[in-house]
Amino acid sequence: MSEGGNIENLETMGAVEEEITPEEVIKSCIHHARCVNGARAGLRSVVKALDAQIARVCFLASDCGVPEYVALVTGLAKQNNIALDRTLTAENLGLFMGFAKYDAASQKARKVVSTSSVVITDFGRLPAENRELLTEVVGDAIEF
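Values in this document were obtained by computation on a predicted structure and should not be read as measured data.

1. Some thoughts on helix α5 (residues 90-97)
Restricting attention to buried positions, one finds in α5 the residues A90, L93, G94, F96 and M97. Each buried residue of α5 sits inside an arc of 165 degrees when the element is viewed along its axis, so together they form one side. Of the residues flanking the end of α5, it is G98, one or two places downstream, whose phi is positive at about 90 degrees.

2. Brief notes about the nonpolar core
If you look at the biggest cluster of nonpolar residues, it comprises 38 residues, and the most contacted ones within it are I30, L50, V57, F59, I120 and L134. Every element with two or more residues in this core is listed here: α2 (22-35), β1 (39-41), α3 (43-51), β2 (57-60), α4 (67-79), α5, β6 (117-120) and α6 (128-138). Excluding residues within four positions of it along the chain, F59 makes contact with I26, I30, D85, L93, S116, S117, V118, I120, L134 and V138.

3. Details of the pairing of strand β5 (residues 109-112)
Note that strand β4 (residues 100-102) and β5 share three bridges and pair antiparallel. When the sheet's bridge partners are listed, K101 is paired in β5 with K111. Hairpin remark: β4 followed by β5, antiparallel, with six residues in the connecting loop; positive phi at Q107, about 60 degrees.

4. Details of the sheet that holds β2
Pairing is mixed in the open sheet, where four strands are placed in the order β1-β6-β2-β3. Taken across any chain shown, the strands that pair with only one partner, and hence form the sheet edges, are β1 and β3 (83-85). On average, each strand axis in the sheet is inclined to that of its neighbour by 20 degrees, with strand direction left out of account. Pairing between β1 and β6: three bridges, direction antiparallel. Residue pairing in the sheet places R40 in a bridge with V119 of β6. On the sheet, α2 packs against β1, β2, β3 and β6 and is oriented at approximately 65 degrees with respect to β6.

5. As for the packing of α2 against α5
The geometry of α2 relative to α5 is characterised by a closest axis approach of 9 Å and an angle of 40 degrees between their N-to-C directions. Our classification of the angle between α2 and α5 gives oblique. Considering how the two elements wind past one another, α2 and α5 form a crossing that is right-handed. Of α5, the residues touching α2 (which contributes E23, K27, I30 and R34) are N92, L93, F96 and M97. Looking at the contact of α2 with α5 residue by residue, the class counts come to four nonpolar, one polar and three charged.

6. Quick word on the packing of α2 against α6
One can describe the packing of α2 onto α6 by two numbers: an axis separation of 10 Å at closest approach and a directional angle of 125 degrees. One finds that α2 runs oblique with respect to α6. By crossing handedness, the relation of α2 to α6 is classed as left-handed. Packed against α2, whose contacting residues are P22, V25, I26, S28 and C29, the element α6 presents N130, L133, L134 and V137 at the interface. Taken together, the residues of the contact of α2 with α6 break down into seven nonpolar, two polar and no charged.

7. Quick word on the environment of C29
Within the secondary structure, C29 sits in helix α2. As a C-alpha pair, C29 and R131 span 102 residues in sequence and 8.3 Å in three-dimensional space. Contact partners of C29, with chain neighbours within four places excluded, come to I120, L126, N130 and L134.

8. So, the environment of S62
Its location among the elements puts S62 in the loop between β2 and α4. With a relative accessible area of 37%, S62 lands in the partly exposed category. For the pair S62 and A90, spaced 28 residues apart in sequence, the C-alpha to C-alpha distance is 7.2 Å. Excluding residues within four positions of it along the chain, S62 makes contact with R86, T87, L88 and T89.

The rules we used
Residues numbered from 1 in each chain as written. Predicted model: local features only at pLDDT ≥ 70, side-chain atom pairs only at ≥ 80, totals over all residues. Heavy atoms only, no water. Buried < 20%, exposed > 50% of the residue type's maximum accessible area, 1.4 Å probe, protein only. Helix = DSSP H or I, 4+ residues; strand = E, 2+ residues; numbered from the N terminus. Arc of directions from axis to C-beta. Core = buried A, V, L, I, M, F, W, Y, C linked by side-chain atoms within 4.5 Å. Contact = heavy atoms within 4.5 Å. Pairing = 2+ DSSP bridges. Axes fitted to C-alpha atoms, helices over the stretch in contact; angles between N-to-C directions. Parallel < 35°, antiparallel > 145°, perpendicular 65-115°, else oblique. Left-handed = near helix turned anticlockwise from the far one by under 90°. Nonpolar A, V, L, I, M, F, W, Y, C, P; charged D, E, K, R; others polar.

If you want it as structure tokens, here you go:
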């Protein structure tokens, strides 16, 4: 190959941007929040944060099968004007919160404890682009 061909290939490779999925945006936000103890999971902790109005955003599992649980969390979030998202499964929420055991050899999660709700009270040092993407994903105004 000539030098010109290599330069063209490098230029086209740099021009390709990866599309960030909503799941990756939420994973990043939960990760940053966990670093500063700003993420809570489980019904009791989530309800306390929603009731005290210290929650910034709430994630409720899309596969949560308990109607009373869903009604309580959505009602508190709506009452206190807290953004609510229902796109992730309970297993993904548990994985993002770190409720998993990892295989030593392959570094893959083998035992994941699912959680039906997660609330973020402090985002930590979340990059500006992630803030914009999270606002697009959730669709509500979020106070950062």
